[in-house]
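Chain residues, written in single-letter form:
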4 protein chains.
Amino acid sequence: MANRKLRYGMVGGGQNAFIGAVHRLAANLDGQIELVAGAFSSDAKNSVTTGEQLFLNPARVYASYAEMAEREAALPPEERIDFVSIVTPNFLHAPVATAFLKKGFHVVCDKPMTLTLKEAKALREVVRKSGKVFALTHNYTGYPMVKEARELVRTGKLGKILKVVAEYPQGWLLDKIESEGQKQASWRLDPKKAGSSSCVGDIGTHAENLGRYITGLQIEELCAEFTSFIPGRKLEDDANMLIRYQGGAKGVLHCSQISCGEENNLNIRVYGTLGALAWHQEHPNELKFIPKGEPARIIRRGNGYVSDVAKKFTRLPFGHPEAFIEAFANIYLEAVAAIRANIAGKKETFDHPTVDDGVEGVAFIETCVKSAASGKWTKFPKL
Amino acid sequence: MANRKLRYGMVGGGQNAFIGAVHRLAANLDGQIELVAGAFSSDAKNSVTTGEQLFLNPARVYASYAEMAEREAALPPEERIDFVSIVTPNFLHAPVATAFLKKGFHVVCDKPMTLTLKEAKALREVVRKSGKVFALTHNYTGYPMVKEARELVRTGKLGKILKVVAEYPQGWLLDKIESEGQKQASWRLDPKKAGSSSCVGDIGTHAENLGRYITGLQIEELCAEFTSFIPGRKLEDDANMLIRYQGGAKGVLHCSQISCGEENNLNIRVYGTLGALAWHQEHPNELKFIPKGEPARIIRRGNGYVSDVAKKFTRLPFGHPEAFIEAFANIYLEAVAAIRANIAGKKETFDHPTVDDGVEGVAFIETCVKSAASGKWTKFPKL
Amino acid sequence: MANRKLRYGMVGGGQNAFIGAVHRLAANLDGQIELVAGAFSSDAKNSVTTGEQLFLNPARVYASYAEMAEREAALPPEERIDFVSIVTPNFLHAPVATAFLKKGFHVVCDKPMTLTLKEAKALREVVRKSGKVFALTHNYTGYPMVKEARELVRTGKLGKILKVVAEYPQGWLLDKIESEGQKQASWRLDPKKAGSSSCVGDIGTHAENLGRYITGLQIEELCAEFTSFIPGRKLEDDANMLIRYQGGAKGVLHCSQISCGEENNLNIRVYGTLGALAWHQEHPNELKFIPKGEPARIIRRGNGYVSDVAKKFTRLPFGHPEAFIEAFANIYLEAVAAIRANIAGKKETFDHPTVDDGVEGVAFIETCVKSAASGKWTKFPKL
Amino acid sequence: MANRKLRYGMVGGGQNAFIGAVHRLAANLDGQIELVAGAFSSDAKNSVTTGEQLFLNPARVYASYAEMAEREAALPPEERIDFVSIVTPNFLHAPVATAFLKKGFHVVCDKPMTLTLKEAKALREVVRKSGKVFALTHNYTGYPMVKEARELVRTGKLGKILKVVAEYPQGWLLDKIESEGQKQASWRLDPKKAGSSSCVGDIGTHAENLGRYITGLQIEELCAEFTSFIPGRKLEDDANMLIRYQGGAKGVLHCSQISCGEENNLNIRVYGTLGALAWHQEHPNELKFIPKGEPARIIRRGNGYVSDVAKKFTRLPFGHPEAFIEAFANIYLEAVAAIRANIAGKKETFDHPTVDDGVEGVAFIETCVKSAASGKWTKFPKL
């Protein structure tokens, strides 16, 4: 392909949305991608205003995703978008992704991938048949120190893994802000838009994905406890899980949306027979590694001693902190690389979450919901 | 009583023991207590040597606790010990305590209090009948910032408590050191000496006690997962629990003896409707308090703004760190105050763990063992 | 002006450069600016290659800054750049800025502004006469928590300021990498390209600017100690200063390029009669504020309780960390706002470092150099 | 000598005193020493009450130090004190120490050793002639991780030392509490009782001693800036120093008593050609060590990997924090060992600060005072 920026369109992400703006910042960062189209909101006026603020050609700001898929596909190849970013509430992920894949577009999609496991498997089929790139924004795996953590595990520095403690406490839903029209809260607590889970679906699934990315461990069964602390909520705002992994490791995974004072405190500790590691999303440039019987090492992004993969996903020298946007942008960079390779007809794999991660994530949510409802240890399904 | 130091004797705590030496440091610290007698080991030579190193009168270094109880009771009141400190492996706590209580001595006893709940309740009866002071060394509640945490809860600063996360990871049993004659490891992993649990009995019970001390919450039921990671162990070296408290709060409590790189990382976070707190034993002079919607406060021991109870248990000005021994000594100070009051015939209560805490702790252990064996949520017994 | 992105060109920032890439990331982030031209290197091939990698029209990749100023000025207004970003070694800042200002372009320029105070004052005149926007990238003042710190001081939360401790230790020049062709090191240690100072010029001036931005204090006199630890260096690689501020406050400012293990550890503590604050660039989302006699507050970016100015320069919710690029982009955003206002003929002031800050910075460097040479307390000049 | 505790008496340390109580806690801790006599205050009633609270024989509570020296010397050897602890304000250190040394007693003395360098040298003579043990309580060198730091330097892990940054900020004198009768503040700010310096004398000298203990570097010259921020003070409450060490290393040492929110924040960073270290007194169980080009190591007290000397001065296992009292007690333990060796006629050296450290400390104070008065770099005197 010619030496050019990739073009993308966005579905969702109008005014008052949160994650759409994040996707745009991440997509902007490296100067590899340009936004040229959008269906930003089911509210047409919101969509138009958003398009204006983003300096878009009004002709490419659409009233619906269906129209967008249709009309973009009708544009000449040198104009139309290369891929779509889907940043809507959960219930739209599957239909929007399907519509664009079927029109031949690559897809970047937010998580959780779908409302149900059945829907997830169906989307997996669509992706496979399409031959297109599908990248899921489990963005926390984009952090260089998370990749370094995976390298430590992969290269045996931790030995056999015995225990994983993953946490994702937040506190932003301690008040019933969904009753006050807070848009982010409203759809996340509405089963029709969010699915069968709020807390696990929104954030627990990130913790699960992070643990799997770093350790490679597969869950065998789990025991979940869900609570809706704030009266009137149909979905849980707090969830605690005990986990048994295949091969004998054990896990604790807890997440919360009502933990006062917690911001976005995703963190993970992995304990093995030869070493341990710890990483905190709110201080992402550091990774703690403790070899057995030795002082802890504070591994810091940007140093010469880190692995090649951690170096590859780093833009700034040590001590010049990188953060959330850069990690998110790393997912985009890999998606872009995958799309460029796909266009060029090359078969390569890239380091971004895929439709298979999406299926795993939805299976995790469903298993937690099932266990919490029964109060029993519950097997993770075959996928 | 006359203005004098209290006299005590020690059962256990010979050479190579750990906790006996800690008790002596704690008892020494404030110059309120003097060690005058001991039955330090079932090995008579060890006991004699220990007595010499402690500058004791050889006549008061005994071959057995039974002999010590007998002979100390026979001494004139102005010579004999006021109380005994029991620092043996678990299985001896009950018989030793019973022997000394029956001879009219006050008791300071290490935890867990007994091997079984039945035994614990029996000891509770002995204590009640004796009218003597019984202080259990759940030492972590001796920290001033733990007392400050309790004050925050008591005075409503956290509102209604929703969630408690208590952790106690250690890594010292990652290698099978009990096979290499490491004394501390050997008895803790021997069901005959330690009881039905290693990890929960030794440290999980501290986390439970800490949570109860700070929050006042009672456990309603729990779901436990025990693992013996190191082959050949009869007792668990790792345990994870989900907890339902009376009144609707939820808890996660996990503890481990095989978590590589962890030292003695007891910590607790409590989340309420109005605020949250966090405390880490390895940095005990600080308490984090986050009022809802406000910046976190770092409350530090020794400042004018802390509560009277935190001030009472503080020796040094701010910035001059206190630590483990001082907290342990606070338990001793309260036991001493209780004994002085008891001798003076005064009815007062003091801020040290009691035989009731001991019963609760053993009930917690038994409930965890039962739940882990069945894989089911299990009710906490009536006590 | 029409609703459009601003267009800019870059001087410097070719392959192997560091700060040019940072400027581009920062300029990209918010989708407000597009790069359309460049004279990236005195090496024409490097410049061309850089232009290709940045997807530029080859016709607008120039062989020299002079040609670029000339030819861009000749383009129609709807095509030509709005401003130039100058990211060259220090000695080129003044001539390049002057060339573009004289052609009617706005300027974003890296620091230190010029090699000498005389040159700085001359540039100040050029800027004043031009009526154009001149923004200096003292990027650390772009951090929201630095702005919050300034608000604390401005609103009297610290009372009268007594003492300021500012540090900027780095360790990247501990080895003599300038002898191994490391480009960043080579020019920074070359008096012809860097000026009369390496360490103070490159980083000490950031610490000075940060302190002045937060406190508003002006230096009255200072006593400096320079060292060239690594043999053969003509400029200092370590510098320590005692400072007397106007009004009686005192300061310590030390910076280093040979402090092993230090990365980019700019930090500042300000102590007043009513409170104190502390901020560390490597953990930029937090600001510590200690009101007298009260617990420290940990103020965190993104919370509802922060000042409006800190909110204005924030993109992500709390707990989703922002970092170096976002702070840098905040300087660009303000420069863009200033340029848009200038184009619209509005007289407004914006929160970006100006040519006056550049003059102050160069005066600081010269005063340090003078004091270090004499070993005496030296007056800060009138500007 | 017989297997017995050492007996000591105390001069100073009555009610409302601070450091006397600290000395007693430290002396109590290890059960090696017993307090049997005292002249606790120039106020006889205070002295008597203090003696009662400490369970002393009233016959050995004296009205003056002179009487105490006289009468203790007259007691039979098996009763009289082995050594005296001097915990008075500074001006009494020399006369009291001299009195007891001349009566044949060993001495433990608080710092700074004397009011003047002349007096310090005179005391050195008295000590040398007496043949007795003289231990100065520069207590911060008693911390195991400080000893570990010294080992890192001694064994070459840091290479050649280039730079030392030592800080000792406090904030307790931000208000003029000496006017409100606060005893600790009053004498420290009174030149007759404290000497020619408040801030450097009380705490700067600790920072200097700590730096010298760890690095072995001798000061060649220094440039000091003293400030009395609070009106009416005759001595400085804030001091900042630039230092040139023999051999070319450079230093920054700043200390303060008016830094709002600072508690007792003594800390030190040492940068060498091969590595760096950092230690903070408020988190004393950790030592950060950064080998060049490698991740920082967090060395923690109590681990198997620490040096023998750090192990020797450790009582508790890792993760069971030790703190200020234990470090202080380590000075006492070494003094006790030295006294036992002295009594036994053995020539050995022990790891406690000596009269030579006292002379160095007073020389440091005098040099700072001189430099601050002149505003010039000032040579460190020959001692």
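Reading the values: the criteria
- Residues numbered from 1 in each chain as written.
- Chains lettered and ligands numbered in written order.
- Predicted model: local features only at pLDDT ≥ 70, side-chain atom pairs only at ≥ 80, totals over all residues.
- Helix = DSSP H or I, 4+ residues; strand = E, 2+ residues; numbered from the N terminus.
- Rg over C-alpha atoms; globule rule 2.2 N^0.38 Å.
- Buried ≥ 20, exposed ≤ 12 C-beta atoms within 10 Å, placed from the backbone.
- Contact = placed C-beta atoms within 7 Å.
- Nonpolar A, V, L, I, M, F, W, Y, C, P; charged D, E, K, R; others polar.
- Pairing = 2+ DSSP bridges.
- Least-squares fit on C-alpha atoms with pLDDT ≥ 70 in both.
- Domains from an automatic or database assignment.
- Axes fitted to C-alpha atoms, helices over the stretch in contact; angles between N-to-C directions.
- Parallel < 35°, antiparallel > 145°, perpendicular 65-115°, else oblique.
- Expected span 1.5 Å × (residues − 1).
- Arc of directions from axis to C-beta.

**Q** Lay out the overall build of chain A in plain terms, naming residues and giving numbers.
**A** Assigned secondary structure in chain A consists of 12 helices and 14 strands. Relative to the compact-globule value of 21 Å for 383 residues, chain A shows a C-alpha radius of gyration of 21 Å, a close match. Projected onto the principal axes, the alpha-carbon positions of chain A cover approximately 65 × 50 × 40 Å. Considering chain A as a whole, with its 383 residues, one finds that 61% of them fall into the buried category. Long-range pairs, those at least 24 residues apart, make up 68% of the contacts in chain A with a sequence separation of at least 6.

**Q** How would you summarise the interface of chain A and chain D if you had to cite specific residues and measurements?
**A** With 10 residues of chain A in contact, the opposing surface of chain D contributes 10 residues. For the side of chain A that touches chain D, a count of residues per class yields 5 nonpolar, 2 polar and 3 charged. Inspection of the sheet shows strand β13 (residues 296-300) of chain A paired to strand β13 (residues 296-300) of chain D by 3 bridges, in the antiparallel sense. From the neighbouring strand, I298 of chain A faces β13 of chain D, where its bridge partner is A296 of chain D.

**Q** So what's going on with the relation of the copies chain B and chain D? Residues and values would help.
**A** For these two chains of identical sequence, chain B goes onto chain D by a turn of 180° and a shift of 0.0 Å along the axis, with RMSD 0.0 Å. Taken together, these values place the two copies in the relation of a two-fold axis. For chain B, the smallest separation between a C-alpha atom and the rotation axis is recorded for L29 of chain B, amounting to 2.4 Å. The residues that chain B uses at the interface reappear at the interface of chain D in 100% of cases, marking a shared surface.

**Q** Would you mind going over the relation of the copies chain A and chain D in detail, with residue names and values included?
**A** In the superposition of chain A on chain D (RMSD 0.0 Å, axial shift 0.0 Å), the rotation amounts to 180°. An overlap of 100% is found between the interface residues of chain A and their copies at the interface of chain D, pointing to a shared contact surface.

**Q** Give me the lowdown on the domain arrangement of chain A, citing residues and values where you can.
**A** Residues and elements named next belong to chain A. For chain A, the assigned domains read domain 1 (6-140 + 330-353) and domain 2 (142-314 + 360-379). For domain 1 and domain 2, the distance between their C-alpha centroids amounts to 26 Å. On the side of domain 2, 23 residues touch domain 1, which itself brings 19 residues to the contact. Breaking the side of domain 1 that touches domain 2 down by element, the ones donating at least two residues are α5 (117-130) and α11 (324-343).

**Q** A description of the interface of chain B and chain D should follow, citing residues and the corresponding values.
**A** Contact with chain B, which involves 32 residues of that partner, is made by 32 residues of chain D. Residue contributions to the side of chain B that touches chain D peak at 5 residues, all from helix α1 (residues 19-29) of chain B. Classifying every residue of the side of chain B that touches chain D by side-chain character gives 14 nonpolar, 8 polar and 10 charged.

**Q** So what's going on with the sheet that holds strand β5 (residues 134-136) of chain D? Residues and values would help.
**A** Each strand in a sheet pairs with another by means of backbone hydrogen bonds, the pair being arranged parallel or else antiparallel. Residue and element names in this part refer to chain D. Strand order in the open sheet formed by 5 strands is β2-β1-β3-β4-β5, with parallel pairing between adjacent strands. Each edge of the open sheet carries a strand with a single partner, namely β2 (33-39) and β5. Averaged over all pairs of adjacent strands, the angle between their axes in this sheet comes to 25°, without regard to strand direction. Pairing of strand β4 (residues 106-109) with β5, which is carried by 3 bridges, proceeds in the parallel orientation. Its bridge partner lying in β5, V108 is registered against A135. Across the sheet, helix α11 (residues 324-343) lies against β1 (6-11), β2, β3 (83-86), β4 and β5, angled at about 170° from β4, the strand it touches most.

**Q** Let's hear about the environment of Q170 of chain B: which residues, and what values?
**A** Residue and element names in this part refer to chain B. Topologically, Q170 is positioned in the loop between β6 (161-169) and α7 (183-188). Overall, the presence of 25 C-beta atoms within 10 Å leaves Q170 in the buried class. Along the chain, Q170 and E263 lie 93 residues apart, while their C-alpha atoms are 5.0 Å from each other. Not counting the four nearest positions on each side in its chain, Q170 is found in contact with I203, S256, Q257, S259, E262, E263 and N264.

**Q** Could you give an account of the packing of helix α3 (residues 65-74) of chain D against helix α4 (residues 93-102) of chain D, with specific residues and numbers?
**A** Residue and element names in this part refer to chain D. Axis separation between α3 and α4 bottoms out at 9 Å; the angle between their running directions is 10°. Overall, the two elements α3 and α4 adopt an arrangement that is roughly parallel. Only V96, A99 and F100 of α4 make contact with α3, whose side of the interface consists of Y65, A66 and A69. The residue makeup of the contact of α3 with α4, split by class, is 6 nonpolar, no polar and no charged.

**Q** Give a detailed account of the sheet that holds strand β1 (residues 6-11) of chain A, specifying residues and quantitative values.
**A** All names here are of chain A. Taken in spatial order, the 5 strands make up an open sheet running β2-β1-β3-β4-β5, and their pairing is parallel. The strands lining the two open edges of the sheet, one partner per strand, are β2 (33-39) and β5 (134-136). On average, each strand axis in the sheet is tilted by 25° relative to the strand beside it, whichever way the strands run. Examined bridge by bridge, strand β3 (residues 83-86) and strand β4 (residues 106-109) share 4 bridges and lie parallel to one another. Note on β4: the bridge partner recorded for F83 is H106.

**Q** Tell me about helix α5 (residues 117-130) of chain B, and please be specific about residues and values.
**A** Residues and elements named next belong to chain B. Taking 1.5 Å as the rise per residue, α5 with 14 residues should run 20 Å; its terminal C-alpha atoms sit 20 Å apart, in good agreement. Regarding α5, the residues found buried are L117, A120, L123 and V127. Taken end-on, α5 shows its buried residues confined to a sector of 115°, consistent with a single buried face. With respect to the buried face of α5, the exposed residues turned more than 90 degrees away are K118, E125 and K129. For α5, the elements touching its buried residues are α4 (93-102), β5 (134-136) and α12 (355-374).

**Q** Which residues make up unusual backbone geometry, and what values go with them?
**A** A cis geometry characterises the amide bond from K111 of chain A onward to P112 of chain A, with omega recorded as -10°. Within the fold, P112 of chain A resides in the loop between β4 and α5. Even without being a glycine, N16 of chain B presents a positive backbone phi close to 75°. Mapping N16 of chain B onto the fold places it in the loop between β1 (6-11) and α1.

**Q** Would you mind going over the environment of M241 of chain C in detail, with residue names and values included?
**A** Residues and elements named next belong to chain C. In this fold, M241 is placed in strand β8 (residues 238-245). In this structure M241 comes out as buried when scored by C-beta crowding, with 28 C-beta atoms within 10 Å. Apart from residues no more than four positions distant in its own chain, M241 is found in contact with L222, C223, A224, L253, H254 and C368.

**Q** With reference to specific residues and values, describe the packing of helix α6 (residues 144-154) of chain D against helix α9 (residues 199-215) of chain D.
**A** Residues and elements named next belong to chain D. Running from N to C, α6 and α9 point in directions that differ by 45°, and their axes come no closer than 7 Å. Regarding the angle of α6 to α9, the classification is oblique. Mapping the contact onto sequence places V146, A149, R150 and V153 in α6 and L210, Y213, I214 and T215 in α9. The residue inventory of the contact of α6 with α9, partitioned by class, reads 6 nonpolar, 1 polar and 1 charged.

**Q** Run through the pairing of β8 of chain C, naming residues and quoting values.
**A** Residues and elements named next belong to chain C. Burial within β8 is extensive, with 7 of its 8 residues counted as buried. Relative to β8, strand β7 (residues 219-227) runs antiparallel, the two being bridged by 8 bridges. Note on β8: the bridge partner recorded for A224 is M241. As paired elements, β8 and strand β9 (residues 250-256) share 7 bridges and run antiparallel to each other.

**Q** So what's going on with helix α6 (residues 144-154) of chain B? Residues and values would help.
**A** Every α-helix carries 3.6 residues per turn, so stepping three or four residues along brings you back to the same face. All names here are of chain B. Of all the 11 residues making up α6, 9 are buried; the element is thus mostly covered by neighbouring parts of the structure. Among the residues of α6, P144, M145, V146, K147, E148, A149, R150, L152 and V153 are the ones counted as buried. Each element contacted by the buried residues of α6 is listed here: α9 (199-215), β10 (267-272), β11 (275-280), β12 (286-291), β13 (296-300) and α10 (308-312). Backbone geometry just downstream of α6 places G156 in the positive-phi region, at approximately 80°.

**Q** Can you lay out the environment of D308 of chain A for me, pointing to particular residues and giving the numbers?
**A** As for its position among the elements, D308 of chain A is in helix α10 (residues 308-312). Overall, D308 of chain A belongs to the exposed group, with 8 C-beta atoms counted inside 10 Å.

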